[in-house]
Every structure is written in C-alpha cells, then in structure tokens.
Amino acid sequence: MNNKMPISVWILVIAMALNTTAASFLWPFNTLYINGYLGESMTLAGIALLVNSALAIAGNYIGGTLFDRIGGKRTLVISVGLLLASSLGFLLFHSTFFGYLAWLGLIGFSGGLVFPTVYAFAGLIWPEGGRRSFNAIYVAQNVGVALGTAMSGQIARINIEWIFYANFFLSVLFVVVLLFGLRYLKNPGRPIVQSQIEAAATTLSGATMKSMWFVAIGYAALWFVYVQWQGTIAVHSKDLGVTISQYSLLWTVNGALIVFAQPLLNRALRYFEDDLKRQLVVGAIIFLAAFIIVPFAGGFTMFMVAMIVMTIGEMFIWPAVPTIAAKLAPPGKAGQFQGLVNIAASVGRMIGPTLSGLTFDLLGMNAVFGLLLLLIITALFFFMKISSLNRQT
C-alpha cells in the first residue's frame with residue numbers, strides 16, 4: 001500500500017483550505033450583518049441563510065450528477081468559475097437586503113457544486129488512503145476556519161465592509177490553485193458500462209441503503225445544531241456581552257483545535273478500529289454534552305468551554321461521513337453519494353437558521369435550546385440504528 005498522499009490530493013487539500021478561509025470571512029457575520037447593519041429581523045436573517053443552503057442543496061445534487069456524467073475536471077472548471085463570479089457580485093452588491101440575499105444564494109449554489117466534486121475526486125484518486133484523504137481535507141478546511149476567523153474578527157472590528165474584499169481575494173487564490181493543478185487531477189473513474197451500474201443497483205442491499213439514510217438524517221440534524229453558533233447563539237452571546245472579537249476567537253479555537261489535536265484524535269480513532277458507527281455515536285454524545293453546557297453559559301469563558309467540547313464531537317463525526325459515502329458508493333455513483341451527504345449538511349444549514357430564528361423571535365432562547373437538545377438526541381437515535389457500513393455485493 002502506498003502511504004504517501006498523492007500530489008493530486010494535496011492540490012485539493014490546499015485549494016479547500018483557501019476556499020474555507022474565504023468563506024470564513026463571511027459566514028460568522030452573516031446574521032450579525034443582516035440584523036445589525038442592514039437592520040433586518042432575525043427571521044429575515046434566517047431566510048437569507050435558508051436561501052443560501054437551499055441553493056447549496058441544488059448545487060450538491062447537480063455537482064454530484066455532473067461529476068458522474070461529464071467528469072470531474074469539467075465539473076470543477078464550471079464550479080470554480082461560477083463561485084468566483086458569485087464572490088465578485090457579493091462584493092459589489094451586498095448593501096441592500098435583496099442584493100445580499102441574491103448573491104449569498106448564488107455563493108451557496110456554486111459552493112454546492114464544488115464540494116461533492118472535490119470529495120468524489122479525493123475518494124477515487126486515492127482509494128487505498130481510506131479516510132486519510134477526507135481527514136486531510138477536513139483538517140485543511142479547519143486551517144481555513146482558524147485563519148479566516150482570526151483575521152476576519154480583527155478586520156471587522158476596523159471596518160466590516162473589508163470582509164467582502166478579503167472573501168473575493170481569497171476566492172481568486174482558490175480558483176488559481178485549482179486551475180493550476182488541473183494537470184495533476186486525472187479523471188479517476190474507470191469507464192462504467194450500463195451493466196455495471198445495473199449490477200451495482202441490484203446488489204446494493206436494503207440494509208446498506210437504510211444505513212446511508214440514517215447517517216444522512218443524523219448528519220443533517222447535527223448541522224442544524226452546529227449552525228446555531230452562526231445564528232441564534234451568536235446573537236445570544238452578544239446580548240450577554242461577548243464582543244465580535246471574542247466571538248471570532250471561538251471559531252479560531254475551533255479550527256486550531258481540529259488542526260493541532262490531530263495526533264490525539266488519531267490515537268483515539270485507533271481504539272475504534274474502523275468502527276465508523278461507534279465513532280458517530282460517541283461524537284453525537286459529545287455534541288450532547290456541549291449543548292448541555294451552552295444554556296448555562298453566562299459569558300465568554302463558558303461559551304469557549306462549550307465550543308471546545310463541541311469541536312471534539314465534530315472531529316469524530318465530520319470526516320467519518322464522507323468516508324462512509326465513499327465506502328458505500330456503487331460504481332459510477334461516487335459523485336451522487338458525496339452529493340447526498342453534502343445535501344444532508346445543507347438541509348441542516350437551510351432549516352436551522354430559519355426555524356431557530358422563528359423560535360427565537362416567538363418563544364425566546366430557552367425554546368431554541370430545547371429544540372437543539374431534541375435534535376442531538378434524534379441524531380444519536382439514528383446513528384445507533386445503523387446496521388451496516390459495508391456495501392453488500
């Protein structure tokens with residue numbers, strides 16, 4: 001087995017670090033900008049994030065389908081071109097709510113095209129790497145989170161408008177790296193004939209597909225919970241006196257912990273011996289512990305403790321999900337299976353801000369906390385019902 005990560009995977013890793021750094025200049029401040037600078041309600045802020053995630057779902061589906069039908073390179077060129085155009089439009093036309101809504105939506109769609117394409121590439125060009133390629137991309141994304149949030153908090157404190165310029169500049173770098181690296185990215189899939197696709201559909205067991213859906217439902221529920229740190233919890237923490245700079249530091253610690261705690265995580269994962277189901281269950285329990293802490297947080301310190309606990313749970317779950325999708329995908333369906341898990345995440349991101357924003361406006365923050373605990377328990381229930389994480393052939 002070749003244990004050295006190929007240059008093609010490194011290109012994807014570096015590109016996704018840049019992409020996430022660019023995004024990290026925007027997403028921590030979307031709700032705060034719409035509510036605090038554009039003067040709109042929390043419900044409208046939630047609707048804007050809903051549109052972003054709804055279009056990301058469409059992008060996930062189309063991106064995964066295009067990968068399987070026209071190849072990874074063509075899909076990647078289309079995706080990154082549209083993402084760059086969307087970032088430019090957002091920079092120029094974000095000063096009204098409807099302009100913000102439209103361009104944030106297009107960024108969601110183009111980003112949705114990118115993710116299943118990159119993950120499908122990673123799974124197919126280095127299959128012997130197992131979870132390593134997905135974990136490398138996950139770590140790279142969190143390097144981006146750490147860098148982006150650290151810089152964006154300081155930049156926003158000076159002039160929040162500058163975050164839109166930073167997002168565009170880093171999107172340009174992301175596109176340059178991927179386009180430069182195209183020569184190293186070979187379309188990995190062997191030609192798939194119709195008989196192979198039909199055979200895969202026939203032999204893919206009901207138990208395996210049911211397990212895939214259980215993973216997706218639990219993943220969506222946890223993303224619903226996760227995005228509250230960018231929405232209701234962000235506003236709640238501000239009401240308790242947490243500054244924008246301190247809030248961005250929470251995300252810096254989130255990203256830094258994921259990057260620097262990898263040696264400890266790898267030791268912990270050896271205990272699971274590739275038991276991905278148990279990894280998901282333990283991660284969900286840790287998530288639950290974090291959101292038992294959050295309702296009692298009265299200031300920055302306890303929010304930091306809750307963020308650290310949640311980050312540990314995230315480290316167990318987030319890289320495992322695309323690994324499961326790659327493991328279960330039949331021939332010719334790698335893009336669509338990665339699209340499915342990205343759709344699940346986008347569903348959580350779509351429904352989360354809107355429903356929680358409405359709950360916040362109508363019933364208050366305690367009702368939001370109750371909803372979040374219920375959803376984590378729901379995710380834990382579905383993860384425990386998983387019966388098979390091996391494609392039956």
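Above this note sits the structure.
Note that the coordinates shown come from a computational prediction; the quantities given were computed from them, not determined experimentally.

Quick look at the pattern of salt bridges
Across all of its chains, the model carries one salt bridge by this definition. The shortest N-O distance in the salt bridge between Asp275 and Arg278 comes to 3.6 Å. For Asp275, a relative accessible area of 31% puts it in the partly exposed group. A relative accessible area of 31% places Arg278 in the partly exposed class.

Brief notes about the packing of helix α9 (residues 206-226) against helix α16 (residues 334-363)
Two elements in contact, α9 and α16, have axes separated by 7 Å at closest approach and are oriented at 35°. Along this stretch, α9 crosses α16, giving a crossing that reads as right-handed. In this structure, α9 contributes Met209, Met212, Trp213, Ala216, Tyr219, Ala220, Trp223 and Phe224 to the contact, and α16 contributes Phe337, Leu340, Val341, Ala344, Ala345, Gly348, Arg349, Ile351, Gly352, Leu355 and Ser356. By residue class, the composition of the contact of α9 with α16 is 15 nonpolar, three polar and one charged.

Things to note about the packing of helix α13 (residues 276-293) against helix α14 (residues 300-317)
Packing of α13 against α14 leaves a shortest axis separation of 7 Å and a crossing angle of 170°. By the angle class used here, α13 and α14 are roughly antiparallel. For the pair formed by α13 and α14, the contact residues are Gln279, Leu280, Val282, Gly283, Ala284, Ile286, Phe287, Ala289, Ala290, Phe291 and Ile293 on the first element and Met302, Val305, Ala306, Val309, Met310, Ile312, Gly313, Glu314, Phe316 and Ile317 on the second.

Cut-offs and rules
Residues numbered from 1 in each chain as written. Predicted model: local features only at pLDDT ≥ 70, side-chain atom pairs only at ≥ 80, totals over all residues. Heavy atoms only, no water. Salt bridge = Lys/Arg side-chain N within 4 Å of Asp/Glu carboxyl O. Buried < 20%, exposed > 50% of the residue type's maximum accessible area, 1.4 Å probe, protein only. Axes fitted to C-alpha atoms, helices over the stretch in contact; angles between N-to-C directions. Helix = DSSP H or I, 4+ residues; strand = E, 2+ residues; numbered from the N terminus. Left-handed = near helix turned anticlockwise from the far one by under 90°. Contact = heavy atoms within 4.5 Å. Nonpolar A, V, L, I, M, F, W, Y, C, P; charged D, E, K, R; others polar. Parallel < 35°, antiparallel > 145°, perpendicular 65-115°, else oblique.

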